[in-house]
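# Survey of secondary and tertiary structure
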Amino acid sequence: MSLLLFRVDDRLIHGQVVIGWARPLGADFIVLVDDAVRESSWEQDLYRMGVPPEIEVIFASRSEAARDFAQWSSSPRRGILLTGAVETIAALGAAGVPLQRVNLGGVHHQPGRIERLPYLYLTDEELQLLERLEQSGVEVTAQDLPTATPVKLGALA
Amino acid sequence: MSEPVRGVVACHGRLAEALIDAVERISGIQGALVPVTNSECDKGLIEKRIAAAAGAGPAMVFTDLPSGSCLIAAATLARRQNAIVVVTGVNLAMLIDFVFHRDLPLAEVAARVSASGHKAIQVPG
């Protein structure tokens, strides 16, 4: 089954991910790719608190994610790969990680970002990174929850 | 007498406002609790909202879930600011108890409201 969802969500592990996505997908593990959280054991403890014990949480840096991706994607278990930044998912794509599709789940307002959807704010540079990812063959859509209709990247410009 | 503990209720959606409205209607005490929503913001902005609501004095941050963006933001802030304690699983009973005991030391209030929150969960009959 391997990795079923590649999500960008700046709240990282929270209700929408654990209840909204992990439950219907039957996820056995979540890979959280974030260099800062990878180095912070107390933050890891906090993120684990939100995940049922039957779901394993793997904390990885960008380089570890690029290194271990093949192992996760060939796992007989079902997994979700999660990151908080467009830049991170773009970097994984640029590093040759075969992402196939990317789900934009929640990127919130910061200076320079433009509202594309109520839960999705992107700078023009972030949009360009995603467009490059799509040009490389990765399907990019915005969808906060499985019950919502996916929005194609082309509709966000 | 020490400064009363300020209460910040940080929840998903409009839950914090609704809880505080109920507390004020029941207790008659106004302004002891400040609502914070996590709507339309990332964890950094939630933390800023909580920090602004908590101020510099002793504060207790109540979060709805023992996980997620509200807890992460509150716990991150509490690591930097000693005068903040985080209590998860907020319910009406603990907030009502809180507004009547804000003059106690912070650690004592935390233990007290945690106990009253637990005590309110019953299966009658």
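Residues numbered from 1 in each chain as written. Chains lettered and ligands numbered in written order. Predicted model: local features only at pLDDT ≥ 70, side-chain atom pairs only at ≥ 80, totals over all residues.

Let us now look at the overall build of chain B. Along chain B, the regular secondary structure elements total five helices and four strands. Its helices and strands taken in sequence order, chain B reads β-α-β-α-β-α-β-α-α from the N to the C terminus. Seen along its three principal axes, the alpha-carbon backbone of chain B occupies a region of about 40 × 35 × 25 Å. Taking all 125 residues of chain B together, the buried fraction comes to 44%. By sequence separation, contacts in chain B at least 24 residues apart represent 66% of the contacts at least 6 residues apart. (Helix = DSSP H or I, 4+ residues; strand = E, 2+ residues; numbered from the N terminus. Buried ≥ 20, exposed ≤ 12 C-beta atoms within 10 Å, placed from the backbone. Contact = placed C-beta atoms within 7 Å.)

Strand residues, when the strand is regular, have side chains that alternate between the two faces of the sheet. Residue and element names in this part refer to chain B. When you tally the buried positions in strand β1 (residues 6-11), you get six out of six residues, the bulk of the element. Along β1, one buried face is formed by Arg6, Val8 and Ala10 and the opposite face, lined by Gly7, Val9 and Cys11, is buried too. Sheet analysis places β1 next to strand β2 (residues 33-37), joined by five bridges and oriented parallel. Along β2, the bridge assignment pairs valine 9 with proline 35. (Pairing = 2+ DSSP bridges.)

Time to look at the sheet that holds β1(B). All names here are of chain B. Spatially, β2-β1-β3-β4 is the arrangement adopted by the four strands of the open sheet, whose pairing is parallel. The outermost strands of the open sheet, each flanked by one partner alone, are β2 and β4 (84-87). When the angles between neighbouring strand axes are averaged without regard to direction, this sheet yields 20°. Against the sheet, helix α1 (residues 15-27) makes contact with β1 and β2, and its axis sits at roughly 160° relative to β2, the strand it touches most. (Axes fitted to C-alpha atoms, helices over the stretch in contact; angles between N-to-C directions.)

The next point concerns the nonpolar core. Residues and elements named next belong to chain B. Core analysis: the biggest nonpolar cluster contains 84 residues, and Val9, Ala10, Ile50 and Val61 have the highest contact counts within it. Top contributing element to this core by residue count: helix α3 (residues 68-80), with seven residues. Excluding anything up to four places from it in sequence, alanine 10 contacts Ala16, Val36, Asn38, Ile50, Val61, Phe62, Thr63, Cys70 and Ala74. (Core = buried A, V, L, I, M, F, W, Y, C linked by C-beta atoms within 7 Å.)

Summary statistics for chain B give a mean pLDDT of 94 and a share of 99% for residues scoring 70 or more. Under the prediction, the complex receives an ipTM of 0.77, its pTM being 0.87. (pLDDT = per-residue confidence, 0-100.)

This part covers the interface of chain B and chain A. Taken together, the contact between chain B and chain A spans 14 residues of the former and nine residues of the latter. Those elements that provide at least two residues to the side of chain B that touches chain A are α2 (43-54) and α3 of chain B. Top element by residues in the side of chain B that touches chain A is α3(B). It accounts for five residues. Class assignment for the residues of the side of chain B that touches chain A results in seven nonpolar, four polar and three charged. (Nonpolar A, V, L, I, M, F, W, Y, C, P; charged D, E, K, R; others polar.)

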